[in-house]
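Inside the fold
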Amino acid sequence: EIKGVAKVLGLPEGQVALYNVFYELFTVCTSIIEEDPKGQLYHARNLDFGLFLGWDNANDTWLMSERLRKIIVNVDFQKDGETVYQSASFLGYVGLLTAVKPPYFTLTINERFNKEGGFVGIYRWILGDRNAKWMGFLTRDIMESANSYSEAKKILMTQELLAPAYYILGGNSTGEGVIITRALDEVKDVQELNVTSGRWYLLQTNYDPWESAPFYDDRRTPGNICVKQWGQQNVGPKSLFNVLSTKPNLNKLTVYSTVMSVRDGIQSWVQNCKTPCTPW
């Protein structure tokens, strides 16, 4: 597929390949899973990308973020005329970062800032260790092969990775929501929904849940405040979009917001935070 994209666009294959592995290098995101009082699960995310890749003084925005906003698409993957899964993506990108497989599960990836970042995994891969999976490609493999929440969860917890990450997975039954904190070759932490104990939502940015978010990038605290203010009785696309559109979860890096459910599929919005707005 990468070769096909390169041929159609008239670009070098190496350039298109690099574009398809950007998630291994640096992104900033927010993902949320919520369960309403009836047991319906909703999964939402902001995808933020473009930090330190050039600033457009004229338009007061990150250059790469602005370019990505122009190529956002919702993709419907079909087989024999029937939808298999759906994704919010970018033209020319063949992996998956945000996807839903009705009626089974939803899945997003958040980068995990860690000393063993994607550069370490890519270095190993270049030296010949091909056991680890590229992030976006693994997500696509799961969408094509897994047919249950538990099956997808097992793969996410056992597959060796090229970069540390947070996998946020939602299912189709009460309590089926999890944040899996991954290192390259092991699981560091698992946090799951548990409505009976009061945990009706999960929110993940780019920092380990057991650590405090840094003062210069604390999207977690205001995100939690917004979710709690809406309350479980108001869980749904409207409240989730409101949370994702509230600063600093909405910032100059945010290129799109998405709300998904296994029942209703995927909805996406191009986001562009107007000044005054935090840079990340």
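See the structure printed just above.
Residues numbered from 1 in each chain as written. Predicted model: local features only at pLDDT ≥ 70, side-chain atom pairs only at ≥ 80, totals over all residues. Heavy atoms only, no water.

What about a nonpolar patch on the surface?
For clarity, the threshold we go by: Within this analysis, patches are made of residues with over 30% relative accessible area and no salt bridge. Like charges are joined at 9 Å or less; nonpolar side chains (Val, Leu, Ile, Met, Phe, Trp, Tyr) at 5 Å or less. Computed with a 1.4 Å probe, the accessible areas rest on the Shrake-Rupley method; for each residue, only the protein chains presented here act as cover. When a carboxyl oxygen of Asp or Glu lies within 4 Å of a side-chain nitrogen of Lys or Arg, that pair is called a salt bridge. Only DSSP runs of H or I with at least four residues qualify as helices, and only runs of E with at least two residues qualify as strands; both kinds are numbered from the N terminus onward. The buried label applies to any residue whose accessible area, calculated with a 1.4 Å probe on protein chains only, is under 20% of its type's maximum; exposed applies above 50%, and partly exposed to all values in between.
Taken together, Val 8, Leu 9 and Leu 11 make up a surface patch of nonpolar side chains, about 290 Å² in accessible area. Tracing the backbone shows Val 8 in helix α1 (residues 2–9). Classification of Val 8 as exposed rests on a relative accessible area of 71%.

Description of the sheet that holds strand β1 (residues 28–35)
Sheet strands associate in pairs through backbone hydrogen bonding, adopting either a parallel or an antiparallel arrangement. To be explicit about the condition: Pairing between two strands requires that DSSP report at least two bridges joining them. Fitting a line to C-alpha atoms yields each axis, with helices limited to the stretch in contact; the angle taken between N-to-C directions then spans 0 to 180 degrees. Two residues form a contact once any of their heavy atoms are found within 4.5 Å.
The strand order across the open sheet formed by 5 strands is β12-β1-β2-β13-β14, and the pairing between neighbours is antiparallel. Strand pairing shows two members of the sheet lacking a second neighbour, β12 (201–204) and β14 (265–270), which therefore form its edges. Mean inter-strand twist for the sheet, computed between neighbouring axes without regard to direction, equals 10 degrees. As paired elements, strand β2 (residues 41–48) and strand β13 (residues 254–261) share 6 bridges and run antiparallel to each other. Note that in β13 the partner of Asp 48 across the bridge is Thr 254. The strands touched by helix α7 (residues 220–230) are β1 and β12; relative to β12, the strand with the most contacts, the crossing angle is about 155 degrees.

Details of the pattern of salt bridges
Overall, the coordinates contain 10 salt bridges when judged by the stated rule. The partner of Asp 208 in a salt bridge is Arg 112, and the shortest N-O contact between them spans 2.7 Å. Taken together, the positions of Asp 208 in the loop between β12 and α7 and Arg 112 in the loop between β8 (105–111) and α4 (118–126) put the pair 96 residues apart, joining distant regions of the chain. Across the pair, exposure class does not vary: Asp 208 and Arg 112 are buried alike. Residues joined by salt bridges that share partners form a network here, namely Glu 1, Arg 140 and Glu 144.

A look at the packing of helix α5 (residues 135–145) against helix α6 (residues 149–158)
Definition in use: Our angle categories are set so that under 35 degrees counts as roughly parallel, over 145 as roughly antiparallel, 65 to 115 as roughly perpendicular, and the remainder as oblique. Take the far helix as the reference: if the near one is turned anticlockwise from it by less than a right angle, the crossing is left-handed, and if turned clockwise, right-handed. Classification used: nonpolar for Ala, Val, Leu, Ile, Met, Phe, Trp, Tyr, Cys and Pro, charged for Asp, Glu, Lys and Arg, polar for all others including Gly.
Packing of α5 against α6 leaves a shortest axis separation of 10 Å and a crossing angle of 150 degrees. On the basis of the axis angle, α5 is roughly antiparallel to α6. Of the two elements, α5 crosses α6, and the hand of that crossing is right-handed. In contact with Leu 138, Ile 142 and Ser 145 of α5, α6 contributes Glu 151, Ala 152, Ile 155 and Leu 156. Classifying every residue of the contact of α5 with α6 gives 5 nonpolar, 1 polar and 1 charged.

Structural notes on unusual backbone geometry
For the peptide bond that leads from Pro 102 to Pro 103, omega is -5 degrees, which places it in the cis range. Inspection of the secondary structure assignment puts Pro 103 in the loop between β7 (98–101) and β8. Residue Pro 248 follows Lys 247 across a cis peptide bond; omega there is 5 degrees. Note on placement: Pro 248 falls in the loop between α8 (237–244) and β13. The phi torsion at Asp 60 lies on the positive side, around 55 degrees, for a residue other than glycine. Position of Asp 60 relative to the elements: it lies in the loop between β3 (55–56) and β4 (61–62). Residue Asp 60 is classed as partly exposed on the basis of its relative accessible area of 28%.

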